[in-house]
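Structural overview for review
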Amino acid sequence: MTLNPSASDAACPPWCAMLHDPEGSADRYHQTERESAPGVFRRLSFDSESGAETVTECLVVAARRFYGDDEVWTSIASEYTELEMSLESSKRLLKLLGRVHAGLAGSEASAPLRLLAPLDPGGRRE
């Protein structure tokens, strides 16, 4: 296996951290290093009496681009679910989360999180 192969059907972008099989692979995408952190979630259930369940899961975040596609997707995954959104959507979500945290400043909530800016299509942080 080689890192950033030039023999693939699409040149590997500089941000790709995947180990690619030079003979082809079932994983037909480029991906950044995965970042992870624990997350505490409430799963809401409208068809049970309890209404909500609190769980802790590991969140894994990465950006990926599939071969032959120009769009970079941001993936947020846990053990049970995965959400992929366009790079533009992840930028909007980051801004919205910042507004929510800023709105809580001065309340009893903890200080806002500092999140890494999403990658632009060239793999650079904005």
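In the block above lies the structure referred to throughout.
Right, let's walk through the structure included here. (Residues numbered from 1 in each chain as written. Predicted model: local features only at pLDDT ≥ 70, side-chain atom pairs only at ≥ 80, totals over all residues. Heavy atoms only, no water.)

1. Digging into the environment of His 30
Along the chain, the position of His 30 falls in strand E3 (residues 29–31). In this structure, the C-alpha to C-alpha distance between His 30 and Ala 63, residues 33 residues apart in sequence, is 8.3 Å. Within the structure, the side chain of His 30 is placed 3.4 Å from the side chain of His 20, a separation counted as a polar contact. (Helix = DSSP H or I, 4+ residues; strand = E, 2+ residues; numbered from the N terminus. Polar contact = N/O pair within 3.5 Å; in protein donor to acceptor, adjacent residues only side chain to side chain.)

2. Quick look at a nonpolar patch on the surface
Taken together, the side chains of Leu 93, Leu 96 and Leu 97 make up a nonpolar region of the molecular surface, amounting to roughly 230 Å² of accessible area. Structurally, Leu 97 is set in helix H1 (residues 87–104). (Patch = residues over 30% accessible without salt bridge, like charges linked within 9 Å, V, L, I, M, F, W, Y side chains within 5 Å. Areas by Shrake-Rupley, 256 points an atom, 1.4 Å probe, with all protein chains shown as cover. Salt bridge = Lys/Arg side-chain N within 4 Å of Asp/Glu carboxyl O.)

3. Digging into the pattern of salt bridges
Counted by the stated rule, this structure contains 3 salt bridges. A salt bridge links Arg 64 to Glu 82, with the nearest nitrogen and oxygen atoms 3.0 Å apart. Residue Arg 64 is found in strand E5 (residues 52–66), and its partner Glu 82 is found in strand E7 (residues 82–86); the two are separated by 18 residues along the sequence. In this structure, the salt-bridge partner of Arg 64 is Glu 84, at a minimum N-O distance of 2.4 Å. Here the residue Arg 64 occupies a position in strand E5, and Glu 84 occupies one in strand E7, the gap between them amounting to 20 residues. On the basis of relative accessibility, which here comes to 13%, the residue Arg 64 falls in the buried class. Here the residues in one salt-bridge network are Arg 64, Glu 82 and Glu 84, joined through shared partners. (Buried < 20%, exposed > 50% of the residue type's maximum accessible area, 1.4 Å probe, protein only.)

That is the geometry; function is a separate question.
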